[in-house]
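Per-entry structural report
Given next are the chains, with one letter for each unit.
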Amino acid sequence: MAERGSSAGGLSVMLEPSAAAVGMTLPSEVREKLAELELELSEGDITQKGYEKKRSKLLAPYIPQIQGVDPSLQIDTRVQGSSQVLPVKHNKSRAPNTRDERFRSDLHTEAVQAALAKYKERKMPMPSKRRSVLVQSSVEACTPPDTSSASEDEGSLRRHGRLTSTPYQSHSHSHPTVEHWFNRVIQGSSTSSSASSTSSHPGGRNSAPHSALNANATAAALADLMAHAHIEPPCAPPDVTGLSERSSLHNERAQVLSVRGVSRSNNHVVMETADGVPVNSRVSSKIQQLLNTLKRPKRPPLPDFFVDDFEDLLDVQQVDPNQPRPEGQQTSPLEGEALGVGSGWAPSLTAALQRWGTSQPKAPCLTALDTAGKSVYTLTYGKLWTRSQKLAYTLLNKLSSRSEPLLVPGDRVALVFPNSDPVMFMVAFYGCLLAELVPVPIEVPLTKKDAGSQQIGFLLGSCGVSLALTTDACQKGLPKAPTGEVATFKGWPRLLWFVTDGKHVAKPPKDWHPPVREANNDIAYIEYKTSKEGSTMGVSVSQAAMLAHCRSLTQACGYTEGETITNVLDFKREAGLWHGVLTSVWKRLHVVSIPYSLMKVNPLSWIQKVNAFKAVVAVVKSRDMHWSLLAQREQRDLSLGCLRMLIVADGANPWSISSCDAFLNVFQSRGLRPEVICPCACSSEALTVAIRRPPDSSVPPPGKAVLSMSSLSYSVIRVDTEEKLSVLTVQDVGQVLPGALVCVVRLEGTAFLCQTDEVGEICVSSGASGVAYYGLPGMTKNVFETVPLSSSGVPVCDRAFTRTSLLGFVGPDGLVFVVGKMDGLMVVSGRRHNADDVVATALAVEPMKFVYRGRIAVFSVSVLHDERIVVVAEQRPDASEEDSFQWMSRVLQAIDSIHQVGVYCLALVPANTLPKAPLGGIHISETKQRFLEGALHPCNVLMCPHTCVTNLPKPRQKQPEVGPASMIVGNLVSGKRIAQACGRDVGLMEDNEQFLYIQDVLQWRAQATPDHPLFVVLNSKGTVSSTASCLQLHKKAERVAAALTGRLNTGDHVALVYPPGVELIATFYGCLYAGCVPVTVRPPHPQNLATTLPTVKMIVEVSKSVCILTTQAIMKLLKSKEAAAAVEVKSWPLVMDTDDLPRKKSAQMYKPPTPEMLAYLDFSVSTTGILAGVKMSHSATSALCRSVKLQCELYPSRQIALCLDPYCGLGLALWCLCSVYAGHQSILVPPLELETNPSLWLCAVSQYKVRVTFCSYSVMEMCTKGLGAQTEALKMRSVNLSCVRTCMVVAEERPRIALTQSFSKIFKDLGLSPRAVSTTFGCRVNLAICLQPNRLGRPPEQGTSGPDPTTVYVDMRALRHDRVRLVEKGSPHSLPLMESGKILPGVKVIIANTETKGPLGDSHLGEVWVSSPHNASGYYTVYGEEALHADHFNTKLSFGDTQTVWARTGYLGFLRRTELTDANGERHDALYVVGSVDETLELRGMRYHPIDIETSVIRAHRSIAECAVFTWTNLLVVVVELEGSEQQALDLVALVTNVVLEEHYLIVGVVVVVDPGVIPINSRGEKQRMHLRDGFLADQLDPIYVAYNM
């Protein structure tokens, strides 16, 4: 961006190149009004809309109108085009004292605006948020104003509330510089510009307001564009990854009727997507936007960090061949001038105090001010001397414990003094020095939960501090324990608190004198320092170093006795302590201390005090200069002519240069001389590193450098000549201190000296630096005893150096330049970025309008083997959702443009909620900790993993499939067996094996054992609600048959809609007696007809049922008004109630002509949401019963307890078929009753002493969650589960290990054997493939002793490639899998390749195929097109045994031969089911199982109750249920994204946070992910928050 031309002529070129407009000029008063308007907008005094309205009104007379277009938009559109206008160069002669325009500090803002203009077209989907969250965040945000904002290191600072409304009035035209700077400053740029970028041409002064207008217009246009971004969703969503899903799957799904097709309401228009899934356009258009964003060409991706080559993750960091490299000579250490030796200087600081206290007792030492700016007290040197002596005497002689003195010389003592009481602090500090105690100044703990307070406690503990000195007022304000004593803070040692006010200290006797010795190497004081990770260290400073530092500062700053200095900094540490407490006493200076609380009320106070006290030196930070700029308009008579030095303690900050420039431009007219500004660089370890000298010494002129930010990220210095956007302007921090030696060493590895054009860490060797980290010898060696080496590996000199943690280089004339701090360094993909620079860029994007008091934290977190940048900002309470999102998207673009680095996460929190550092700044490490723990509670989040995560493992390329024959040969050669196994042979015919039909068995039992009890049904109270003996059941069935005979034809399908109970079983057999085909259907839920009734209707229709049998109550419900709202009630077939059937029996029983005839239909909704009905023949039904009977050893003398739903699968077989077949008694516990009485099932098991029981996962979960804390109460009710041999979970999924283990663990106390719980596996094609009846070590003669279920650990990464690799428990990426049960008698299982249909070896994951007499005989669908699914039920291997007919289960699994043996001595083959083929997610060429991703997500945060994942157009969507307050919703977005990246190498596309219970589950407790997906796309979930990751 070149400067736009200097006069109004330039402006007209920008606005409209038409003849009418050219030559038109804006009068100066209009320009002034525009500037005023800009100011009001940037201060937030008017809204954007009001601003645009007023602005267009002002400009209207000067702009030719285009019909019907808002003039403000006209400007904008033209301004955008204006960047092509050629720059007009002006070669005006420059005023002698104006500074080079190239370094103007607002340029960073301009750079940012230019960068943003490039992105005009980007549109991103805005996150959706529930109203309640919106309301909640805005209420929270309206907290009282921040009383201690704006960190010490904060870039931007805001004016105090009282000052905001005064618009700037131009009083004269004689100071255009002030006006020019003012516009700039107020736009919030000068505060922040890390990079005065785009080096503009030195244009005339007047050009500034126009380019400001221009930049702002561009910004406004951009905001407009983004606000009105409307994206038309194309009909078919594009495929982002290029790995489109196999279409065959969808054709397949279309035929099997899907319950998901049922529309919940009949009035909305449904849009179809490419996937054939109906969606409502709102969500999908957002996803569409997201896809469009992701499809844009990004920068070429960085080479992969590590390739997932399945054996190991290789860290392949490839170097960019074009990256800049240092080319200069090797640097050599730089030496400061010699430290002068003065005659008669005091030999130590205490000696200096003694001298001034006795020879100049009346001389002022320190003036303290109150919050109104009035002098409260002036401490003289005489007073300081006597009061310090008193305190020293008291500490050594008057404090004792058990007649021993409490303190001895050398002990450490904590100094806890507020920032507003420098006098008491100074007395305490010198009192400790005189008593030869070591003061450890710390912050006043305000609450028990102060940020970083625990770390301070750790420091005090490691320093062995047992006494804390404080003032009376401060002690009263500390948090108190109930006893009235000061509370013990978390992590703090036990402290004795001593108040140092006058009445508590004793006067020493005449003959007592404190020991005043020469400075030696004993520790004088310990200064605390917080590291990047948040840990606190104590830097020990020796007496000699303290003295040497005072001497070198005196020499460098030219201090002379009696001078006055003002100190705005914290006097407890760093420059505030060094100048305001130590050097001042050494040289008898008078310090005026300005408390932080006064600065907040009156930012000008320090300048007023300089003026009032005629101070020659002021010690400030850049924020103090900035604050005063914003307030200076009301003051006319301030003069800074007396200042000899204005020491800027944070001169190394990227925004200090702009503060210095802006300050000079405004105050030059008030007597401030340019050479007075003296930035310096400090470090806790090395104390003062360098400082710019006052003008009278013969020093080189100050220097500046405009450096390429891109080169800096490679630690290379390149002076930028091409006027690019991304540059960093830095100022020098002067020369090395007298007597010090400085060198610059490489950042990583051995401390080699840098080359001249390379950035490194500055190291100092001098007698005036810290000596150690107290109590940390290892770290001390690394930091305080560094030995720099030359390139040949030889030590540079024999002195040890101290690392300063400042990054920089030595420029021409021996000037030191600092470009950042180690603490703020973020190494992303091998490039280094500075947190402060990123903050500055973020602040340059309209900060005043949006960021609350400029509070922005930037840090990096480590995710997937690299650092990722996180930006957290506090937003103003009045910011709207739209504003937030606009600002966030622009910040991302600005950082991307200027730093060429992606931001991983950008979070906004309500004003005043980030943890604060002692002087109001943001506590970065605590913020980072909260982010990682999910405790930040942001109100807006934008994650951009797609942009920044470029080191994912390479996607797997599908190899051309190996043929099945080669596969077998390969397996044989490598000695692996083919994965196949079978259950026991079905033995000889048993007593009732002559019956081919189950109904015959019932008739036979009714005659042979009429009174044998078959069923007992329990109600929620645990009492028996109904029973049935063989005869009773037979009689009831006969009545039903009699009612059907004559009304229905043989072979008609009848829907049985009953609650679980004997009625259902009786009508089932009644249908068989009458020759009808029963279809069991779960009754609709009376409270939830809208969702449950359509499923009933659908099953009735799909099964072609001609009649519905049910109870009177349900019959009424089916025909009720409420039902009519959900379905068409008139279209029900014949509905009969069986409550009062006449006692008559049909003439004769129906005998099916062949056992292959259809016995019943079994309908079930699969986990993919598909309604599939399977046909069970009479022969399959008998075979199923026989297998279960043999496996579980069921006989008439046995009792089993069932807590299952009786409507489909193995549940239906166990309820209705097995008891009749085997004759055992079944205790039936309807699962619904557990909702009112969770202990019902376990109490029944205990009461009836049941050995075998069956349940579902949802029942197990109900018991685990509902009874976990009640085991003691159950024990009291004498519930005992030691009778249970086997508790089997009936499921069609991978065994849930965590649930079964926690169930075993919880109920172990009730006698449940840990080996009792096992799982079963069945599916649509075969209802029972595995059952695991555990035997607790019984001898074989008591039955077939089966082995315990085995658990193996497999490598999850291998599994994604369909390979099975066993690993040790606890190894990384290990996944525990539990055997699905023992294969049933008569069942054969083989593992086959899903594509080639060839057999696989047992180290491969493949589809489980099953062959058995009880396979179902086919799907029953409405279309009757079974051909499509013929291969599900009768398919053959393409190689090997090509004769056997198999059924495909649709589940992936593997077989393992175990070391265990069966009863007959054969080794046991275990089948492991991994997951459903339909559910697997194919991403990046690999196969993922949703449950694995969900398990990781649930572990990410304690508030995540449940999780489900699915894909949508190749985006991974994660839905989490939030159990907790809604303000935690947004914390989950980053945690979910992190954990899925770390553990699965996948980028989450959308994170949806919903209420508990939203994720649908079926009767077996399995998640219905496809239902969920449809609900999400149709916008029916009412989510709390939806985040679209960029």
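First, a word on what this report is: a plain description of the structure on this page. In this text, all values refer to a predicted model and were calculated from it rather than measured experimentally. (Residues numbered from 1 in each chain as written. Predicted model: local features only at pLDDT ≥ 70, side-chain atom pairs only at ≥ 80, totals over all residues. Heavy atoms only, no water.)

Time to look at the sheet that holds strand 28 (residues 772-773). Spatial strand order, 15-16-28: three strands in an open sheet with antiparallel pairing. Where the open sheet ends on each side, the last strands, each with one partner, are strand 15 (523-530) and strand 28. Where strand 16 (residues 536-542) meets strand 28, two bridges bridge the pair, whose relative direction is antiparallel. Within the sheet, the bridge partner assigned to Ser540 lies in strand 28 and is Ala772. Of the strands in this sheet, strand 15 and strand 16 are in contact with helix 16 (residues 543-557), which crosses strand 16 at around 75 degrees. (Pairing = 2+ DSSP bridges. Helix = DSSP H or I, 4+ residues; strand = E, 2+ residues; numbered from the N terminus. Contact = heavy atoms within 4.5 Å. Axes fitted to C-alpha atoms, helices over the stretch in contact; angles between N-to-C directions.)

In this section: the packing of helix 36 (residues 1178-1192) against helix 37 (residues 1209-1222). Relative to each other, helix 36 and helix 37 sit at 75 degrees, their axes nearing to 9 Å. Classified by the interaxial angle, the pair formed by helix 36 and helix 37 is roughly perpendicular. On helix 37, the residues that touch Thr1181, Ser1182, Leu1184, Cys1185, Arg1186, Val1188 and Lys1189 of helix 36 are Ala1213, Leu1214, Leu1217, Cys1218, Tyr1221 and Ala1222. Among the residues making up the contact of helix 36 with helix 37, the classes are represented as nine nonpolar, two polar and two charged. (Parallel < 35°, antiparallel > 145°, perpendicular 65-115°, else oblique. Nonpolar A, V, L, I, M, F, W, Y, C, P; charged D, E, K, R; others polar.)

The subject of this paragraph is the pattern of salt bridges. Within this structure, the stated rule accounts for 41 salt bridges. In this structure, Glu874 engages Arg855 in a salt bridge whose closest nitrogen and oxygen atoms are separated by 3.0 Å. Remark: Arg855 occurs in strand 33 (residues 851-862) and Glu874 occurs in strand 34 (residues 867-875); sequence separation between them is 19 residues. With relative accessibility at 0%, the residue Glu874 sits in the buried group. One salt bridge in this structure joins Glu1193 and Arg1198, with 4.0 Å as the shortest N-O distance. Of the two residues, Glu1193 and Arg1198, neither departs from the other in class, the shared state being buried. Taken together, the shared-partner salt bridges connect Glu1479, Glu1494, Glu1506, Lys1567 and Arg1569 into one network. (Salt bridge = Lys/Arg side-chain N within 4 Å of Asp/Glu carboxyl O. Buried < 20%, exposed > 50% of the residue type's maximum accessible area, 1.4 Å probe, protein only.)

It is worth spelling out the environment of Leu1158 at this point. Relative to the helices and strands, Leu1158 resides in strand 44 (residues 1158-1165). A relative accessible area of 24% places Leu1158 in the partly exposed class. Between the C-alpha atoms of Leu1158 and Lys1175, which are 17 residues apart in sequence, the distance is 6.5 Å. If we skip the residues at most four places from it in the chain, Leu1158 touches His1053, Val1077, Lys1175, Met1176, Ser1177 and His1178.

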